[in-house]
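Given next are the chains, with one letter for each unit.
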Amino acid sequence: MIRAILVLAHEMTAAAQPSDVSLERLERAAAEFHAHPEARFATSGWAYRDDTEKSLADAMADYAIEHLGIPEGRIVRSHKARDTVGDAVFFARLLPADH
């Protein structure tokens, strides 16, 4: 059983739209999610841009909900990590063993 599908973000635009690389990752993760709908769908990324208040995790989650059919209730957002190692640490805390 797959418990979670982690989507590691890349970048986003000033309009808080995921970059092309982030979109590719989202689309691949969404395909996996639709094959395993019992899983959680986890997005990552802090609010790194000075020209928008939205975090990358929120931009990724919003896109997944609006364009890829991911139910909002299945999404876990990690806003704290600033790199891949941080993603691993924070996802471990956000996704306990019973999920």
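Everything that follows concerns the structure shown earlier in this document.
The rules behind the values
Residues numbered from 1 in each chain as written. Predicted model: local features only at pLDDT ≥ 70, side-chain atom pairs only at ≥ 80, totals over all residues. Heavy atoms only, no water. Buried < 20%, exposed > 50% of the residue type's maximum accessible area, 1.4 Å probe, protein only. Helix = DSSP H or I, 4+ residues; strand = E, 2+ residues; numbered from the N terminus. Pairing = 2+ DSSP bridges. Expected span 1.5 Å × (residues − 1). Axes fitted to C-alpha atoms, helices over the stretch in contact; angles between N-to-C directions. Parallel < 35°, antiparallel > 145°, perpendicular 65-115°, else oblique. Left-handed = near helix turned anticlockwise from the far one by under 90°. Contact = heavy atoms within 4.5 Å. Nonpolar A, V, L, I, M, F, W, Y, C, P; charged D, E, K, R; others polar.

Q: Looking at this model, I keep getting lost on the pairing of strand E1 (residues 4-7). Mind explaining?
A: In regular strands, side chains alternate between the two faces of the sheet. Here E1 shows a clear split, with Ile5 and Val7 buried on one side and none of Ala4 and Leu6 buried on the other. Judged from the four bridges that link them, E1 and strand E2 (residues 40-44) form a sheet pairing that is parallel. Across the sheet, residue Val7 finds its bridge partner in E2, namely Thr43.

Q: For this particular structure, what's the right way to read helix H2 (residues 56-68)?
A: Counting along an α-helix, one turn takes 3.6 residues, and residues three or four places apart therefore face a common direction. An ideal rise of 1.5 Å per residue puts 18 Å on 13 residues; H2 measures up with 17 Å between its terminal C-alpha atoms. Every buried residue belonging to H2 is among Leu56, Ala57, Ala59, Met60, Ala61, Asp62, Tyr63, Ala64 and Leu68, and all of these are buried. Of the residues one or two after H2, Gly69 is the one with positive phi, at around 75 degrees.

Q: Where do I start with the packing of helix H1 (residues 20-35) against H2 in this structure?
A: Relative orientation and spacing of two packed helices are given, respectively, by the angle between their axes and the distance between those axes. Axis separation between H1 and H2 bottoms out at 11 Å; the angle between their running directions is 60 degrees. The pairing of H1 with H2 is recorded here as oblique in orientation. Every pair of crossing elements has a handedness; the one defined by H1 and H2 is right-handed. For the pair H1 and H2, contact is made by Ser22, Leu23, Leu26, Glu27, Ala30 and His34 and by Met60, Tyr63, Ala64 and Leu68, respectively. Partitioned by chemical class, the residues of the contact of H1 with H2 number seven nonpolar, two polar and one charged.

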